[in-house]
Amino acid sequence: MEAKAIFLDLGGTFREVVEIPEVYNKARARIAEICQTDMDPDTYWAFINKRYDVYREWALHFLCEAPEKMLWTRWLVPELDRDYVEAHAVELTENFRLAKGDRQVVPHGIETVRELRARGYKVGIISDLVGTVEIDKWLDRDGIRDLFCTVKQSSVTLLRKPHPAIYFQALDEAQVRGEESVFVGDNLNRDIVGAKAAGFGGTVSVEYPGKHLKLTEENVPDCIIHDFADLLNVFPGNGEFHPENAERRKP
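The structure presented is a predicted model; accordingly, all values stated were derived computationally and were not measured. (Residues numbered from 1 in each chain as written. Predicted model: local features only at pLDDT ≥ 70, side-chain atom pairs only at ≥ 80, totals over all residues. Heavy atoms only, no water.)

(A) Structural view of the sheet that holds strand 6 (residues 181–185). Strand order in this open sheet of 6 strands is 5-4-1-6-7-8, and the pairing throughout is parallel. The outermost strands of the open sheet, each flanked by one partner alone, are strand 5 (150–153) and strand 8 (223–225). Each neighbouring strand pair of the sheet contributes to a mean axis angle of 20°, computed without reference to strand direction. Bridging between strand 7 (residues 202–206) and strand 8 involves 3 bridges; their strand directions are parallel. If you follow valine 206 over to strand 8, its bridge partner there is isoleucine 225. (Pairing = 2+ DSSP bridges. Helix = DSSP H or I, 4+ residues; strand = E, 2+ residues; numbered from the N terminus. Axes fitted to C-alpha atoms, helices over the stretch in contact; angles between N-to-C directions.)

(B) Local environment of the side chain of threonine 13. Along the chain, threonine 13 turns up in the loop between strand 1 (5–8) and strand 2 (15–18). On the basis of relative accessible area, threonine 13 is assigned to the buried category, the value being 0%. At 3.0 Å, the side chain of threonine 13 and the backbone nitrogen of aspartate 186 are in polar contact. Those residues in contact with threonine 13 that lie beyond four places of it in its chain are Val106, Val184, Gly185, Asp186, Val206, Tyr208 and Phe228. (Buried < 20%, exposed > 50% of the residue type's maximum accessible area, 1.4 Å probe, protein only. Polar contact = N/O pair within 3.5 Å; in protein donor to acceptor, adjacent residues only side chain to side chain. Contact = heavy atoms within 4.5 Å.)

(C) Summary view of the packing of helix 1 (residues 21–35) against helix 2 (residues 41–62). At a minimum axis separation of 9 Å, helix 1 and helix 2 run at an interaxial angle of 80°. Relative to helix 2, the element helix 1 is oriented roughly perpendicular. Contacts from Asn25, Arg28, Ala29, Ile31, Ala32 and Cys35 in helix 1 reach Pro41, Asp42, Tyr44 and Trp45 in helix 2. A class-by-class count of the residues in the contact of helix 1 with helix 2 yields 7 nonpolar, 1 polar and 2 charged. (Parallel < 35°, antiparallel > 145°, perpendicular 65-115°, else oblique. Nonpolar A, V, L, I, M, F, W, Y, C, P; charged D, E, K, R; others polar.)

(D) Examining the environment of glutamate 173 more closely. In this fold, glutamate 173 is placed in helix 8 (residues 164–174). Relative accessible area serves as the criterion here: at 41%, glutamate 173 is assigned to the partly exposed category. Residues glutamate 173 and valine 151, spaced 22 residues apart in sequence, show a C-alpha to C-alpha distance of 9.0 Å. Apart from the residues lying within four places of it in its own chain, the contact partners of glutamate 173 are Cys149, Thr150, Val151 and Lys152.

(E) Summary view of helix 6 (residues 134–142). For helix 6, the full list of buried residues reads Glu134, Ile135, Trp138 and Leu139. The buried residues of helix 6 occupy an angular sector of 125° when projected down its axis, which confines them to one face. In the core, the buried residues of helix 6 are packed alongside strand 2, helix 4 (82–98), strand 3 (102–105), strand 4 (122–127) and strand 5. At the C-terminal side of helix 6, glycine 143 shows a positive phi close to 65°. (Arc of directions from axis to C-beta.)

Structure (structure tokens):
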């Protein structure tokens, strides 16, 4: 196939959670402060997280991401004043994400994307995550906004992978066809299945140390990489895609 564009998942693929105590302690304390609870921040965080698990089941079932205001008023803190919670929903979501730790680019991530761009590939992002401000702040903080031709996230589109529509939106914005695009992700049943449903010409899965992919006939990718920089072997330039240059595995 001719590969004009490479689309990346974020969590577990291009970014990873780094547990930094001063980051997550501050975020948990802020959530407790906003919600005016008598619980200590860690206990309240665990309480909110259990409620989030219920929301997540709903989101995965309907392949939908709820707006932040609805997330907090319907699922996470429905007992609090609705107007008050809606006014703080964006900040609550941002701290909810930070309450697990900071999100940082995986080793060799940025330099690999820069090289892929230099080799002529467009690079985009398609990600499932809650929150509407985190990604913009991260792109500006790391100075990498210019590397990506499109950024589609479930919190903005309100669509979750593997729904093909979020892929279609990214393809349209990147001005490429599915058959000339490759998706790179870590979750086989969301990232890979969704990309195939959207007609992507190729798929690559990451399997970093400590993880093990469970392949099926439906979710098997064209190849598997174990370091993000391995993408440079798969995409040598000139619009080429060579999955045979990485591990290939049958279900």
